[in-house]
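# Results of the structural survey
Chain residues, written in single-letter form:
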Amino acid sequence: MLEPKLEKLESGLTVTFATWMSGTAALLPVVDSVIVANKRGATGVMGFAQFMEQAGDRVVRTELAPIRYYVPDTLELSGE
């Protein structure tokens with residue numbers, strides 16, 4: 001299960017993010033941004049909506065509370 005992290009920006013705004021390793025199964029919480037890492041060590045950042053759009057129907061909402069989405073190990077994204 002991926003745990004959301006909080007970051008307070010210099011502007012005072014607090015944002016949430018989670019880091020996901022592309023190609024690994026995970027339970028993804030709803031966050032502002034998803035940091036996507038791949039097996040080559042490259043990383044990229046995308047907003048949650050962008051992540052969901054790129055993942056399409058391969059990511060499934062679970063019945064867990066708070067809301068989490070199941071990301072299968074067959075999903076690979078670059079984060080770019």
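What you are looking at is a predicted structure, and each value in this text was computed from that prediction instead of being measured. (Residues numbered from 1 in each chain as written. Predicted model: local features only at pLDDT ≥ 70, side-chain atom pairs only at ≥ 80, totals over all residues. Heavy atoms only, no water.)

## With respect to the overall build of the protein
Within the protein one finds one helix and seven strands. Start at the N end of the protein and walk to the C end: the helices and strands fall as β-β-β-β-β-α-β-β. Over its C-alpha trace the protein gives a radius of gyration of 12 Å, about what one expects of a compact globule, namely 12 Å for 80 residues. Principal-axis analysis of the C-alpha atoms gives the protein an extent of 40 × 35 × 20 Å. Considering only residue pairs separated by 6 or more positions, the protein has 37% of its internal contacts joining residues 24 or more positions apart. (Helix = DSSP H or I, 4+ residues; strand = E, 2+ residues; numbered from the N terminus. Rg over C-alpha atoms; globule rule 2.2 N^0.38 Å. Contact = heavy atoms within 4.5 Å.)

## Regarding helix α1 (residues 48-55)
Those residues of α1 lying buried are F48, F51, M52 and A55. For α1, the arc enclosing every buried residue in end-on projection is 95°, short of the 170-degree limit, so these residues lie on one face. Residues of α1 that are exposed and angled more than 90 degrees away from the buried face: A49 and E53. Buried residues belonging to α1 abut β2 (14-21), β3 (26-29), β4 (33-37), β5 (43-47) and β7 (68-71). Following α1 by one or two positions, G56 has its phi on the positive side, about 65°. (Buried < 20%, exposed > 50% of the residue type's maximum accessible area, 1.4 Å probe, protein only. Arc of directions from axis to C-beta.)

## What about the sheet that holds strand β1 (residues 5-8)?
Read from one edge to the other, the open sheet built from four strands follows the order β1-β2-β4-β5, with strand pairing classed as mixed. Looking at strand neighbours, the two that pair on one side only are β1 and β5, the edges of this open sheet. Taken over all neighbouring pairs, the strand axes of this sheet differ in orientation by 30° on average, direction set aside. Where β2 lies against β4, five bridges are found, and the strand directions are parallel. Opposite F17, over in β4, you have S33 as the bridge partner. Its contacts with the sheet place α1 against β2, β4 and β5, and it is angled at close to 100° to β5. (Pairing = 2+ DSSP bridges. Axes fitted to C-alpha atoms, helices over the stretch in contact; angles between N-to-C directions.)

## As for the sheet that holds strand β6 (residues 60-61)
Across the sheet, which stays open at both edges, the three strands sit in the order β3-β7-β6 with antiparallel pairing between neighbours. For this open sheet the edge positions go to β3 and β6, each flanked by a neighbour on one side alone. With four bridges connecting them, β3 and β7 associate as antiparallel partners. Each residue of the ladder has a partner; that of P29, found in β7, is R68.

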